[in-house]
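Chain by chain, the residues run as shown.
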Amino acid sequence: MVSKGPLLRLLTAINRRRMKLLMGLAFIAYVASVWGNFVNMRSLQENGEQKVESKIEEAVAPLREKIKDLEKSFTQKYPPVKFLSEKDRKRILLGVYCFNCGLQVFGIQVFSAGLGMNDFDICVLRRDEITKEKVGQKDEKRNVEHWIGHENFELINHDVVEPLYIEVDQIYHLASPASPPNYMYNPIKTLKTNTIGTLNMLGLAKRVGARLLLASTSEVYGDPEVHPQNEDYWGHVNPIGPRACYDEGKRVAETMCYAYMKQEGVEVRVARIFNTFGPRMHMNDGRVVSNFILQALQGEPLTVYGPGTQTRAFQYVSDLVNGLVALMNSNVSSPVNLGNPEEHTILEFAQLIKKLVGPIGRRFE
């Protein structure tokens, strides 16, 4: 008979080993479980962090451009500006039309104002304060971005059909489409801009005692029977023609200016602007200079209507700007024609542009 003592000890030893093994397995399972939970939690945490980072990125993205503009304002070098003493500086409101948007906007700072998108460069060189009203459009914004951030320049997006409340000394009211395709696209908006918009600008001039210059047009003469036209010529117009929204709008704007001058004592200047060309013209402007240049660059035949013997005169934009600034600061309150008296045939213009652009244009063929 086997003694129970050694057997019990053997069973006890085996049980202890089993218990240790089971405990070891349980510990390993526990560690694996904890590790799995840790990994899952880590994964969830990483996903959460990614989502948070994504949300932060979405929130910050719209600010990046503003930050870049702000950084640029500290590093950008502006053209040299003539210094004016404090008493000689003026706050100038320059209202212009944005080609694609159809809105009007204003800009202000201490420069001297000029025409459209080009005029700033000359205006700004005097260091008056210019507030530019412009039509919220990216293409047009690029035309003034070299002044954005300057201490004497401010860009305000505003529709001139709505009243504007601001303190200024001078107002250059150029807020109107001028190319036929553009102003005929929305004739009602064109009429509102030139009538209600002008009324708002005259109201502003009256409230703050500012002088207003209206950018009128040679189109107020209609289809003239007199060449060249002087300021006393009343014109030969069609009030219901395809261009009437622009022509008649400008004629009413002139009438408003002189009504405010006579009744309310507002100082007004009226510039009747003739054909103008220069840098930053829109490719789809629809007028002869931009049409010829675009066709020449694309290697296409230049479109000349009729025999090409009809004459036109074109002034360079910087000359026009100088004329506008001179008129604004003059004592002349009657309408003034601003243009180039030297006329050339359309065929001569076409041949000149083809000669100058020709070698470049052939690359596009």
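All chains use their own residue numbering, which begins from 1 and follows the written sequence. In keeping with the predicted nature of the model, local features appear solely for residues at pLDDT of at least 70, side-chain atom pairs appear and are counted solely at 80 or more, and the whole-chain, interface and lining totals rest on all residues. The basis for every side-chain value is the complete set of non-hydrogen atoms in the structure, without hydrogens or water.

**Thoughts on the overall build of the chain**
- Strands are runs of DSSP state E lasting at least two residues, helices are runs of H or I lasting at least four, and both sets are numbered from the N terminus onward. Within the chain one finds nine helices and twelve strands.
- Counting across all 365 residues of the chain, residues that qualify as buried make up 41%.
- Here a residue-residue contact requires only that any non-hydrogen atoms of the pair lie within 4.5 Å. Long-range contacts, defined here as pairs at least 24 residues apart, represent 74% of the contacts in the chain between residues at least 6 apart. Burial classes follow relative accessibility: with a 1.4 Å probe on protein chains only, a residue under 20% of its type's maximum area counts as buried, one over 50% as exposed, and anything between as partly exposed.

**Some thoughts on the packing of aromatic side chains**
- Put simply, two rings from Phe, Tyr or Trp (the six-membered ring, in Trp's case) pair if the centres are within 6.5 Å, and we call them stacked under 30 degrees between planes, edge-to-face over 60, tilted for the rest. Inspection of every chain in the model, using the stated rule, returns five aromatic pairs.
- Aromatic pair Tyr183 and Tyr246: ring centres 4.4 Å apart, planes at 10°, arrangement stacked. Here Tyr183 is found in helix 4 (residues 180-185), whereas its partner Tyr246 is found in helix 6 (residues 244-264), with 63 residues between them in sequence. When sorted by exposure, Tyr183 lands in the same class as Tyr246, which is buried.
- When the ring of Tyr221 is compared with that of Phe274, the centres are 6.4 Å apart and the planes differ by 35°; the resulting orientation is tilted. You can see Tyr221 sitting in the loop between strand 6 (211-217) and helix 6 and its partner Phe274 sitting in the loop between strand 7 (268-273) and strand 8 (276-277), a full 53 residues away along the chain.

**A look at the environment of Asn238**
- Examined against the element boundaries, Asn238 turns out to sit in the loop between strand 6 and helix 6.
- Apart from residues no more than four positions distant in its own chain, Asn238 is found in contact with Ala244 and Glu248.

**Re the nonpolar core**
- Among buried residues, the Ala, Val, Leu, Ile, Met, Phe, Trp, Tyr and Cys ones that are joined through side-chain atoms within 4.5 Å form a nonpolar core. The biggest cluster of nonpolar side chains holds 23 residues, and the ones touching the most others in it are Ile171, Met201 and Leu212.
- Mapped onto this core, the elements with two or more residues apiece are helix 5 (187-208), strand 6, helix 6 and strand 7.
- The leading source of residues in this core is helix 6, at five residues.
- The next biggest cluster of nonpolar side chains, apart from the first, holds 18 residues, and it includes Leu94, Ala271, Val317 and Val325.

**Here's the deal with the pairing of strand 6**
- Across the seven residues that make up strand 6, a large majority, seven, are buried.
- Strand pairing follows a simple DSSP-based rule, namely that at least 2 bridges must link the two strands. With four bridges joining them, strand 5 (residues 170-173) and strand 6 adopt parallel strand pairing. By the bridge assignment for strand 6, Tyr172 is matched with Leu213.
- With strands facing away from the observer, any crossover in which the path from the first strand over the helix to the second runs clockwise is taken as right-handed. Between strand 6 and its parallel partner strand 7, the chain crosses via helix 6, and the hand of that crossover is right-handed.

**Some details on unusual backbone geometry**
- Residues His227 and Pro228 are joined by a peptide bond in cis, for which omega reads -15°.
- By the element assignment, Pro228 lies in the loop between strand 6 and helix 6.

**Details of the packing of helix 5 against helix 6**
- In contact at an axis separation of 9 Å, helix 5 and helix 6 are set at 15° when each is read in the N-to-C sense. Our classification of the angle between helix 5 and helix 6 gives roughly parallel. Of the two possible hands of crossing, helix 5 and helix 6 adopt the one that is right-handed. In this structure, helix 5 contributes Pro187, Thr190, Leu191, Asn194, Thr195, Thr198, Leu199, Leu202, Gly203 and Lys206 to the contact, and helix 6 contributes Cys245, Tyr246, Gly249, Lys250, Val252, Ala253, Met256, Cys257, Tyr260 and Glu264.
- In this count, Pro and Cys sit with the nonpolar residues alongside Ala, Val, Leu, Ile, Met, Phe, Trp and Tyr, while Asp, Glu, Lys and Arg are called charged and the others, Gly among them, polar. Residues belonging to the contact of helix 5 with helix 6 are distributed by class as follows: eleven nonpolar, six polar and three charged. Only the contacting stretch of a helix is used when fitting its axis, a line to C-alpha atoms as for every element, and angles between N-to-C directions run 0 to 180 degrees. Any angle between 65 and 115 degrees counts as roughly perpendicular, while under 35 counts as roughly parallel, over 145 as roughly antiparallel, and the rest as oblique. Each helix crossing is assigned a hand: it is left-handed if the near helix lies turned anticlockwise from the far helix by less than a right angle, otherwise right-handed if that turn is clockwise.

**Quick look at the environment of Leu320**
- Locating Leu320 in the fold gives a position in helix 8 (residues 317-328).
- For Leu320 and Thr276, which are 44 residues apart along the polypeptide, the C-alpha to C-alpha distance reads 7.6 Å.

**Details of the confidence of the model for the chain**
- Per residue, pLDDT captures the predictor's confidence, and it can take any value from 0 to 100. Confidence in the prediction for the chain averages 76 pLDDT; 64% of positions are at 70 or higher.
- Predicted confidence is poor over residues 99-128, with pLDDT under 50, and the contacts of this stretch with residues over four places away or in other chains come to 200 contacts.

**Considering helix 5**
- The span expected for a helix works out to 1.5 Å for each residue beyond the first. Between its terminal C-alpha atoms helix 5 stretches 31 Å, which fits the 32 Å expected from 22 residues at 1.5 Å a residue.
- Two axes enter the bend calculation: one fitted to the seven residues ending at the residue in question, the other to the seven starting there, and the bend is the angle between them. Where helix 5 bends most, at Thr193, the angle is about 30°.
- Of all the residues in helix 5, the buried ones are Thr190, Thr193, Asn194, Thr195, Gly197, Thr198, Asn200, Met201, Leu202, Gly203, Leu204 and Ala205.
- Gly209 sits one or two residues past helix 5 and shows a positive phi near 70°.

**A look at the side chain of Asn194**
- Of note, Asn194 is situated in helix 5.
- Not counting the four nearest positions on each side in its chain, Asn194 is found in contact with Ser176, Tyr246, Gly249, Lys250 and Ala253.

**What about the side chain of Asn200?**
- Tracing the chain through its elements places Asn200 in helix 5.
- Once residues within four sequence positions are removed from consideration, Asn200 is found in contact with Val160, Val161, Glu162 and Pro163.

**Thoughts on helix 8**
- The first and last C-alpha atoms of helix 8 sit 16 Å apart over twelve residues, in line with the 16 Å expected at 1.5 Å per residue.
- If you check which residues of helix 8 are buried, you get Val317, Leu320, Val321, Gly323, Leu324, Val325, Leu327 and Met328.

**Some remarks on the pattern of salt bridges**
- Any carboxyl oxygen of Asp or Glu that lies within 4 Å of a side-chain nitrogen of Lys or Arg is treated as forming a salt bridge with it. The tally for this structure, following the rule as stated, stands at seven salt bridges.
- With its nearest N and O atoms 3.9 Å apart, the salt bridge here joins Arg243 to Glu219. Of this pair, Arg243 sits in the loop between strand 6 and helix 6 while Glu219 sits in the loop between strand 6 and helix 6, and the two are 24 residues apart along the sequence.
- In this structure Arg243 comes out as partly exposed when scored by relative accessible area, which is 36%.
- A salt bridge links Arg269 to Glu267, with the shortest nitrogen-to-oxygen separation between them at 3.8 Å.
- What makes Arg269 buried here is its relative accessible area of 4%.
- Glu267 gets classed as partly exposed once you look at its relative accessible area, which sits at 39%.
- A single network of salt bridges, built from pairs that share partners, joins Arg211, Glu267 and Arg269.

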